[in-house]
Amino acid sequence: MSWSDDFYSSMSVDELREKARKALREAEGKGRHLAPVIVPGRTICRTWWGKAWCRNMEQYLDYENRLPRGRSYVRNGAVIDLIIGEGKVSALVQGSRSRPYEVEIRVSALGKAKMKKVSALCSRELDSLEELVKGKFPKSLETLLTEEGALFPTAREIRFDCSCPDWALMCKHVAAVMYGIGVRLDENPFYFFILRGMDPEALLRHTVEDHVEKLLAHRDVKNDRIIADAEMEKLFHLEEE
Ligand SMILES: [Zn+2]
């Protein structure tokens, strides 16, 4: 255990909370609006998809005691800023020093084949998309996370970086941010798509347009048959009485 780890563990939860509050106040004072991760109780993620995100990342982020500390950090308001952009998460995590640490997480964009699979499943489950728009990740799209398209990044599809001194492969600040992402996903499951470089609005538009086109194609088939019937009637002079 490094010196800094000793130092961190000697810092009480109350101290951490106070430091985080102070950092937020200071940022606000400078006119910088931060987006802290707020966990109201002990439960970090409340939805099935947020919990699934946490379970998935715990599989490959299991570095000794980093995960429990990461959980403690996010519960106590240490993630004072967390922004999810296309394939990228930028966050500020308050630690023992007065200056918060900068964490950056990069997630690889989905390849074309996987994007197609995501689109195809969304098209098959058009009704479920309404749930998604309302902020719920539908159970019927669960395979999107792990199998079809696999929106969950694997260990090879995700890169972490932190400005803290005990940065190695992974630190508690990164762990805290990963849980923080789970909290954001709880609130807005579209972040699953954004993280993998997909524009959710474009996906929705594409899916709906594709569906409309298919419906119209069906209508054309019907019209053709009607025309054909009319022609048959003409052929047999059935319209003449
Ligand atoms: Zn760190």
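Thresholds, definitions, all that
Residues take numbers from 1 onward in each chain, read along the sequence in its written order. Residue-level local features of this predicted model are given only where pLDDT is at least 70; pairs of side-chain atoms are given and counted only at 80 or more, and the full residue set underlies all totals for whole chains, interfaces and linings. Hydrogens and water molecules were not included; the side-chain quantities draw on all heavy atoms of the structure. Residues are said to line a cavity or pocket when one of their atoms sits within 4 Å of a point; the points come from a 1 Å grid over protein atoms alone, cavities being sets where a 1.4 Å probe fits but cannot get out and pockets being open sets with protein on both sides within 12 Å along at least five of seven lines. Grid points are joined across faces, edges and corners, and a volume is the space filled by probe spheres set on the points. Helix and strand assignments come from DSSP, with helices taken as H or I runs of at least 4 residues and strands as E runs of at least 2, each series counted from the N terminus. Residues are grouped as follows: Ala, Val, Leu, Ile, Met, Phe, Trp, Tyr, Cys and Pro are nonpolar; Asp, Glu, Lys and Arg are charged; all remaining types, including Gly, are polar. pLDDT measures how confident the predictor is about each residue, on a scale from 0 to 100. Whether two residues are in contact is decided by their heavy atoms, any of which lying within 4.5 Å being enough. Think of it in three bands: residues with accessible area under 20% of the maximum for their type are buried, residues over 50% are exposed, and the middle band is partly exposed, with areas taken using a 1.4 Å probe on protein chains only. Neither His nor the chain ends contribute to the count of charged residues, in which Lys and Arg are positive and Asp and Glu negative. Salt bridge criterion: a side-chain nitrogen from Lys or Arg within 4 Å of a carboxyl oxygen from Asp or Glu. Metal donors were taken as nitrogen, oxygen and sulfur atoms no farther than 2.8 Å from the ion, or 3.2 Å where the ion is Na, K or Ca. Water is excluded, so coordination may look unfinished. For a four-donor site, all angles between 85 and 135 degrees give tetrahedral; for four or six donors, opposite pairs above 155 degrees with the remaining angles between 65 and 115 give square planar or octahedral; all remaining cases count as irregular. Pairing between strands requires that DSSP locate at least two bridges from one strand to the other. In this description, a line fitted to the C-alpha atoms serves as the axis of each element, helices being fitted only across the stretch in contact, and the angle between N-to-C directions of two axes falls anywhere from 0 to 180 degrees. We call a set of buried residues a nonpolar core when its members are Ala, Val, Leu, Ile, Met, Phe, Trp, Tyr or Cys and they connect through side-chain atoms within 4.5 Å of each other. Stacked, tilted and edge-to-face are the three classes assigned to paired rings of Phe, Tyr and Trp, where Trp is represented by its six-membered ring and a pair needs centres within 6.5 Å; plane angles under 30 degrees give stacked, over 60 edge-to-face, the rest tilted. Geometrically, a lysine NZ or arginine CZ counts as sitting over a ring once it is within 6 Å of the ring centre and also within 35 degrees of the ring normal. Any angle between 65 and 115 degrees counts as roughly perpendicular, while under 35 counts as roughly parallel, over 145 as roughly antiparallel, and the rest as oblique. In this scheme the handedness of a crossing depends on how the near helix is turned from the far one: anticlockwise by less than a right angle means left-handed, clockwise means right-handed.

*Asks:* So what about the layout of surface pockets? Which residues, and what values?
*Replies:* In this approach the atoms are scanned with a rolling probe the size of a water molecule, which exposes any empty space left behind. By volume, the largest pocket amounts to about 240 Å³. If you go around the largest pocket, the residues you meet are Ala23, Glu26, Ala27, Lys30, Arg32, Leu34, Ile80, Leu92, Ser98, Arg99, Pro100 and Glu102. Top contributing element to the lining of the largest pocket by residue count: helix 2 (residues 13-29), with 3 residues. Taken together, the residues of the lining of the largest pocket break down into 6 nonpolar, 1 polar and 5 charged. Each pocket or cavity is described by its volume, and for the second largest pocket that value is around 190 Å³.

*Asks:* Give me the confidence of the model for the protein chain: which residues, what numbers.
*Replies:* Averaged over every residue, the pLDDT of the protein chain is 85; the share at 70 or more is 83%. Segment residues 1-8 is flagged for pLDDT under 50; beyond a separation of four residues in sequence, or across chains, it makes 19 contacts in the model.

*Asks:* Now, about the environment of leucine 141: what can you tell me, with residues and values included?
*Replies:* Locating leucine 141 in the fold gives a position in the loop between helix 6 (126-133) and helix 7 (143-146). Considering only alpha carbons, one finds leucine 141 and cysteine 122, 19 residues apart in sequence, at a separation of 7.5 Å. If near-sequence neighbours (up to four positions away) are discounted, leucine 141 is found in contact with Leu121, Cys122, Glu125, Ser128 and Leu129.

*Asks:* If you had to explain the side chain of aspartate 186 to someone new, which residues and values would you point to?
*Replies:* Counting through the fold element by element, aspartate 186 comes out in helix 8 (residues 172-187). Buried charge without a partner: aspartate 186 forms no salt bridge, and the closest opposite charge is arginine 46, 5.7 Å away. Apart from residues no more than four positions distant in its own chain, aspartate 186 is found in contact with Ile44, Cys45, Arg46, Thr47, Trp49, Gly50 and Gly135.

*Asks:* Can you explain the coordination of the zinc ion? Please cite residues and give values.
*Replies:* Octahedral metals with six donors have ideal donor angles of 90 or 180 degrees. Tetrahedral metals with four donors have an ideal donor angle of 109.5 degrees. The protein atoms that coordinate the zinc ion are Cys162 (SG), Cys164 (SG), Cys171 (SG) and His173 (ND1), at distances spanning 2.1 to 2.3 Å. For the zinc ion, the 4 donor atoms are set out with angles of 106 to 119 degrees between them, so the coordination reads as tetrahedral. In primary sequence terms, the donor set of the zinc ion follows C-x1-C-x6-C-x1-H. Relative accessible area serves as the criterion here: at 5%, cysteine 164 is assigned to the buried category.

*Asks:* An account of the sheet that holds strand 2 (residues 88-93) is needed here, citing residue identities and associated values.
*Replies:* The strands making up a sheet are joined through hydrogen bonds of the backbone, oriented either antiparallel or parallel. The 4 strands lie next to each other as 1-2-3-4, forming an open sheet whose pairing is antiparallel. Edge strands, defined here as strands with exactly one partner in the open sheet, are strand 1 (79-85) and strand 4 (158-162). Taken over all neighbouring pairs, the strand axes of this sheet differ in orientation by 10 degrees on average, direction set aside. One ladder, built from 6 bridges, connects strand 1 with strand 2; its direction is antiparallel. Residue glycine 85 lies in a different strand from strand 2, and its bridge partner there is lysine 88. Of the strands in this sheet, strand 1, strand 2, strand 3 (101-107) and strand 4 are in contact with helix 8, which crosses strand 1 at around 60 degrees.

*Asks:* Please give an account of the nonpolar core that cites residues and values.
*Replies:* Most often, soluble globular proteins have nonpolar side chains that are buried together. Counting residues in each nonpolar core, the largest one holds 62 residues, and the members touching the most others are Trp53, Ile105, Met178, Ile181, Phe192 and Phe193. With 9 residues, the single largest contributor to this core is helix 8. Aside from chain neighbours lying at most four places away, what touches methionine 178 is Trp53, Met57, Tyr60, Leu61, Ile105, Ile158 and Phe160. Membership of the second largest hydrophobic core comes to 6 residues, among which are Ala20, Ala27, Leu34 and Ile80.

*Asks:* Describe the packing of aromatic side chains, naming the residues involved and giving the relevant values.
*Replies:* Here the structure, examined in full by the defined rule, presents 7 aromatic pairs. Here the aromatic rings of phenylalanine 137 and phenylalanine 192 are separated by 5.4 Å at their centres, their planes lie at 70 degrees, and the arrangement is edge-to-face. Here phenylalanine 137, found in the loop between helix 6 and helix 7, pairs with phenylalanine 192, found in helix 9 (residues 191-195); they are 55 residues apart in sequence, far enough to count as distant. Of the aromatic side chains, those joined through ring pairs into one cluster are Trp48, Trp49, Trp53, Phe137, Phe152 and Phe192. Sitting over the ring of tryptophan 48, lysine 139 keeps its end group 4.5 Å from the ring centre.

*Asks:* So what's going on with the packing of helix 4 (residues 66-75) against helix 8? Which residues, and what values?
*Replies:* How two helices sit against one another is set out by the angle between their axes and by the gap between those axes. The interhelical angle for the contact between helix 4 and helix 8, taken along N-to-C directions, is 60 degrees, at an axis separation of 7 Å. One element, helix 4, and the other, helix 8, form an angle in the oblique class. Classified by chirality, the crossing of helix 8 by helix 4 is right-handed. Contacts from Arg66, Leu67, Arg69, Gly70, Arg71, Tyr73 and Val74 of helix 4 reach helix 8 at Lys172, His173, Ala175, Ala176, Tyr179 and Gly180. Along the lines of polarity and charge, the residues of the contact of helix 4 with helix 8 split into 6 nonpolar, 3 polar and 4 charged.

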